[in-house]
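Okay, here's what each chain looks like letter by letter:
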Amino acid sequence: MSIACTEAKRAGETIAQLTDVANLDHPESDGRITIFTDKTGVVKAARLLLSSVTKVLVLADRVVIKQIIASRNKVLATMEQLEKVSSFQEFVQIFSQFGNEMVEFAHLTGDRQNDLKDEKKKARMAAARAVLEKCTMMLLTASKTCLRHPDCESARLNKEGVFHRMRLALEQVIEIITDSRPSGENEMVPICIYASIKVFKNKVEGLRENLYVISQENLSAMLDLILEHTEDFTDSAYTSHEHRERILEQSKQAKMELEQLVSVWMQAQSQKTKDITEDLEIAILKTCQCMNELKRELHHAATSLAADLLRYHADHMVLKALKITGMEGNLEAVAEYTCKLSEQKEQLVETCRLLRHVSGTEPLEITCIHAEDTFQVTGPQIISAAETLTLHPSSKIAKENLDVFCEAWESQLSDMSMLLREINDVFEGRRGEKRAYLSLPRPGKHNANLKALKPVKLDSEEQAKLGKLGLELHFLTSDVDSETEKWEDQENEIVRYGQSISSMAHTMYLFTRGEGLLKTTQDLFHQAEVFATESIKLASVLTAFSNQLEDDHKPLLLLEIDKLIPVCQQLQITAKNTVQGKSATFTKVDTCIRKTKGVMTILSQVLPLSCKLLRKCGTGNGWLRSPRPWRQNRLQRNTNDDSMEGKTDAFGIKSLEHHVTNLTFLESK
């Protein structure tokens, strides 16, 4: 590195000397432009500069890769020590070291993820880092449980599962940064129907330019492969009868359209005409239209199944029942609910596979695969944790362990809900357009004073402080989204405002992680101001709704409205208040997030209450019907920003360290 930098410096100095007009003895000049006679010397020096700077960049890349590998090796070595510990005191000491090493690894991989240009690699890195983030807390509680109950087989299996998954995630990170696999074999990527349909349509449309661009046999084979993979939908036990019939009908229609296309195509080849015939153009259009219809049916089948599953499991009844029966030590009941959880897991895994086919982009396809793997692994881990609690119903540490694994399951369900939303956005053409948020400041649309304010970016330490607060906001956003999905009339004005407010809160949550389109604190403050305004509008709608009610629960709704308005007004004042200095800016950010969280807390209470009152008052689904679909006004999220880009919260190590601090040796007694 030192030699490369010296070479680059020397090349730069050479160019500076050759182009220094003052030192030229006999420059040729026409009075306006200086012409250098030693052009060859300048060209050589420029090439040397480019070469040496390239060498510096390549070496710097190697250094970063070696840093990540070295950090991974330290984490693995400490993990081996953690696996072998036999006392709480030794565990606490080693885990403290492990936490510091994971923080270092998190920062290194987070920076590397931001530098990656390949969106597929970036998505894979995000998935691996998400596994490490969740497994770090699981490793803590699973190890504690194993130490507390060393003879318990289910506790041992639970712990081994976490260690194994973390090792796989660490290995995946190394595969991504080194662009290689340990065994040397190529990674087998499952076929995605959307991608296959896109390639097929491109080949069909290519016949307009060249009748010999592909052979008839190859085109037929491409369609056969697509239809073969639609069997993943038609053979699935969870696909509805209506969707199955429509997919089979469209598949049959696709074969017929291709046969007609081939017939006209062969005729055009025999005529050897340069211009495309009208019959061939019509056949091409019909074939492509048929494939679009097939794609639409597959999308509806997968997304409707996912939406139904998420709605059905939104109450997490099976997890709650496992916790209760486990604490009671009821082996039969736990066995019954573990069977139900296994069924739920199979449904979710199958749904993720179907969603992968219709994901629309490679990053979302990778996210679907990650979700499938997470459900596949977390389900058995919850079962083993529940079995441990059942065998030791009075163990607080076993209960804590089950809680952590259940939270991971709930978190993945929430992530799946977001994934479903993103897949729908891609299908409806709302993704990849690089559009700005409707609420962000744009020239000529907002107060001119905003231009005078210098945006402030938070450093990694401040981002980490906001991490916990942001996570709480994220959970509230998921709760609100779940409540809005329960409304039969999705065009109800209360629902529309609820969805819009939740979407804005989500962008603010992403800001706390260093992600999303809110890049600076000024972006956040403007978003908070718009958020407060929309929330006040919702309060007005709720007030109008309450005036139509004659019910014992009406005072409860009015009470929530009375809570909502002051919080919104306080948020407006905070967002508009001008501050100077980094410390004051951070305080303002913290206050805005807290006030936003307060609004979302109230909203999570208001929505179910309003839904209940709406059903009781009998005014029908037309009450407060929105004049236009909410989706037209909803804030959009960029595909790439929804990965874990820019995350500096270091796998949630702050809360992890809190657990380490609270470890007491009373548990070992």
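What you are looking at is a predicted structure, and each value in this text was computed from that prediction instead of being measured.

Draft legend 1. Quick look at the overall build of the chain. Per the secondary structure count, the chain includes 21 helices and 2 strands. Per-residue burial over the chain gives 49% buried out of 669 residues. Of the contacts made within the chain by residues no fewer than 6 positions apart, 80% connect residues no fewer than 24 positions apart. Of the roughly 32800 Å² of accessible surface on the chain, 52% is carried by carbon and sulfur atoms.

Draft legend 2. Structural context of the pattern of salt bridges. This structure, assessed with the given rule, holds 28 salt bridges. Across the salt bridge formed by Arg124 and Glu175, the nearest N and O atoms sit 3.6 Å from each other. Separated by 51 residues along the polypeptide, Arg124 in helix α4 (residues 119-148) and Glu175 in helix α5 (residues 153-178) bring together distant segments of the chain. Residue class for Glu175 comes out buried when judged on its relative accessible area of 14%. Residue Glu372 pairs with Arg353 through a salt bridge whose shortest N-O separation is 2.9 Å. Of this pair, Glu372 sits in helix α13 (residues 362-391) while Arg353 sits in helix α12 (residues 331-357), and the two are 19 residues apart along the sequence.

Draft legend 3. Quick look at the packing of aromatic side chains. Under the defined criterion, the tally for this structure stands at 3 aromatic pairs. For the pair Phe95 and Phe98, a centre-to-centre distance of 5.6 Å together with 45° between the ring planes defines the contact as tilted. Of this pair, Phe95 and Phe98 both sit in helix α3 (residues 88-115), separated by 3 residues, roughly a single helical turn. A relative accessible area of 0% places Phe95 in the buried class. Classification of Phe98 as buried rests on a relative accessible area of 0%. Judged by centre distance (5.1 Å) and plane angle (70°), the rings of Phe375 and Trp409 are edge-to-face. Of this pair, Phe375 sits in helix α13 while Trp409 sits in helix α14 (residues 396-427), placing them 34 residues apart in sequence. Residue classification places Phe375 among the buried residues on the basis of a relative accessible area of 1%.

Draft legend 4. Local environment of the environment of Cys152. Summarising the element assignment, Cys152 is placed in the loop between α4 and α5. For the pair Cys152 and His392, spaced 240 residues apart in sequence, the C-alpha separation works out to 9.3 Å. Those residues within four positions of Cys152 in sequence are excluded, and the remaining contacts are Thr388, Leu391 and His392.

Draft legend 5. View of the state of the cysteines. This model, assessed by the stated rule, comprises 0 disulfides. Between Cys152, a free cysteine, and Cys146, which holds the nearest cysteine sulfur, the sulfur-to-sulfur gap is 7.9 Å. In this structure Cys290 is not part of a disulfide, and its nearest cysteine sulfur, from Cys288, lies 10.0 Å away.

Draft legend 6. Fine view of a negative patch on the surface. A surface patch of negative charge is lined by Asp224, Glu228, Glu231, Asp232 and Asp235. Secondary-structure elements contributing two or more residues to the negative patch are α7 (216-229) and α8 (231-234). Tracing the backbone shows Glu231 in helix α8. For Glu231, a relative accessible area of 41% gives the class partly exposed.

Draft legend 7. Just the environment of Gln570, in detail. Position of Gln570 relative to the elements: it lies in helix α19 (residues 554-576). The sequence separation of Gln570 and Cys592 amounts to 22 residues, and the corresponding C-alpha distance is 9.2 Å.

Draft legend 8. Up close: the packing of α5 against α13. Between α5 and α13, the shortest axis-to-axis distance is 8 Å and the interhelical angle comes to 155°. What the angle tells us is that α5 and α13 run roughly antiparallel. In this structure, the crossing between α5 and α13 has a hand that is left-handed. Facing Ser154, Ala155, Asn158, Gly161, Val162 and Arg165 of α5, the residues of α13 in contact are His370, Asp373, Thr374, Val377, Thr378, Gln381, Ser384, Ala385, Glu387, Thr388 and Leu391.

Draft legend 9. Representation of unusual backbone geometry. For His316, which is not glycine, the phi dihedral falls at a positive 55°. One can find His316 in the loop between α10 (278-312) and α11 (317-328).

Draft legend 10. Spotlight on empty space enclosed by the protein. By the definition in use, this model includes 2 cavities of 30 Å³ or more. Estimated volume of the second largest cavity: approximately 30 Å³. Elements that contribute at least two residues to the lining of the second largest cavity include exactly α14 and α16 (460-485). Per-element tally for the lining of the second largest cavity: the top contributor is α16, with 4 residues.

Draft legend 11. The arrangement of α14 in detail. Over its 32 residues, α14 runs 47 Å from end to end, which matches the ideal 46 Å to within 8%, given 1.5 Å per residue. Where burial is concerned, most of α14 is hidden: 26 out of the 32 residues are buried.

Draft legend 12. Broad picture of the confidence of the model for the chain. In the predicted model, the chain carries a mean pLDDT of 82, and 82% of its residues have values of at least 70. The lowest-confidence element of the chain is helix α15 (residues 449-452), averaging 36 in pLDDT; the highest-confidence one is α12, averaging 95. Across residues 432-455, confidence stays below pLDDT 50; counting only partners more than four residues off in sequence or on other chains, it has 34 contacts. Note that pLDDT drops below 50 for residues 619-669; the model gives that stretch 145 contacts with residues more than four away or on any other chain.

Draft legend 13. Focus on the packing of α10 against α12. At a closest axis distance of 9 Å, the pairing of α10 and α12 adopts a crossing angle of 150°. As far as their axial angle goes, α12 and α10 are roughly antiparallel. The element α10 and its partner α12 pack so that their crossing is left-handed. Each of Ala302, Thr303, Leu305, Ala306 and Leu309 in α10 lies in contact with α12, whose residues at this interface are Gln347, Leu348, Thr351, Leu354 and Leu355. Per-class residue counts for the contact of α10 with α12 are 7 nonpolar, 3 polar and no charged.

Draft legend 14. Region of interest: the side chain of Thr477. You can see Thr477 is positioned in helix α16. Judged by relative accessible area, Thr477 falls into the buried class, the value being 3%. A polar contact of 2.8 Å, which involves the side chain of Thr477, links it to the backbone oxygen of Leu473. Once you skip the residues sitting within four places of it in the chain, Thr477 turns out to touch Ser502, Ala505, His506 and Met600.

Draft legend 15. Local environment of the environment of Thr507. Summarising the element assignment, Thr507 is placed in helix α17 (residues 493-512). A sequence separation of 10 residues divides Thr507 from Leu517, and the C-alpha atoms of the two residues are 7.5 Å apart. Engagement of the side chain of Thr507 in a polar contact is seen with the backbone oxygen of Met504, the distance being 2.6 Å.

Calculation notes
- Residues numbered from 1 in each chain as written.
- Predicted model: local features only at pLDDT ≥ 70, side-chain atom pairs only at ≥ 80, totals over all residues.
- Heavy atoms only, no water.
- Helix = DSSP H or I, 4+ residues; strand = E, 2+ residues; numbered from the N terminus.
- Buried < 20%, exposed > 50% of the residue type's maximum accessible area, 1.4 Å probe, protein only.
- Contact = heavy atoms within 4.5 Å.
- Areas by Shrake-Rupley, 256 points an atom, 1.4 Å probe, with all protein chains shown as cover.
- Salt bridge = Lys/Arg side-chain N within 4 Å of Asp/Glu carboxyl O.
- Phe/Tyr/Trp six-rings, centres within 6.5 Å; stacked < 30°, edge-to-face > 60°.
- Disulfide = S-S within 2.5 Å.
- Patch = residues over 30% accessible without salt bridge, like charges linked within 9 Å, V, L, I, M, F, W, Y side chains within 5 Å.
- Lys, Arg positive; Asp, Glu negative; His and termini not counted.
- Charge placed at Lys NZ, Arg CZ, Asp CG, Glu CD.
- Axes fitted to C-alpha atoms, helices over the stretch in contact; angles between N-to-C directions.
- Parallel < 35°, antiparallel > 145°, perpendicular 65-115°, else oblique.
- Left-handed = near helix turned anticlockwise from the far one by under 90°.
- 1 Å grid on protein atoms, 1.4 Å probe; cavity = no way out; pocket = protein on both sides within 12 Å on 5 of 7 lines; lining within 4 Å.
- Points joined across faces, edges and corners; volume = space filled by probe spheres on them.
- Expected span 1.5 Å × (residues − 1).
- pLDDT = per-residue confidence, 0-100.
- Nonpolar A, V, L, I, M, F, W, Y, C, P; charged D, E, K, R; others polar.
- Polar contact = N/O pair within 3.5 Å; in protein donor to acceptor, adjacent residues only side chain to side chain.

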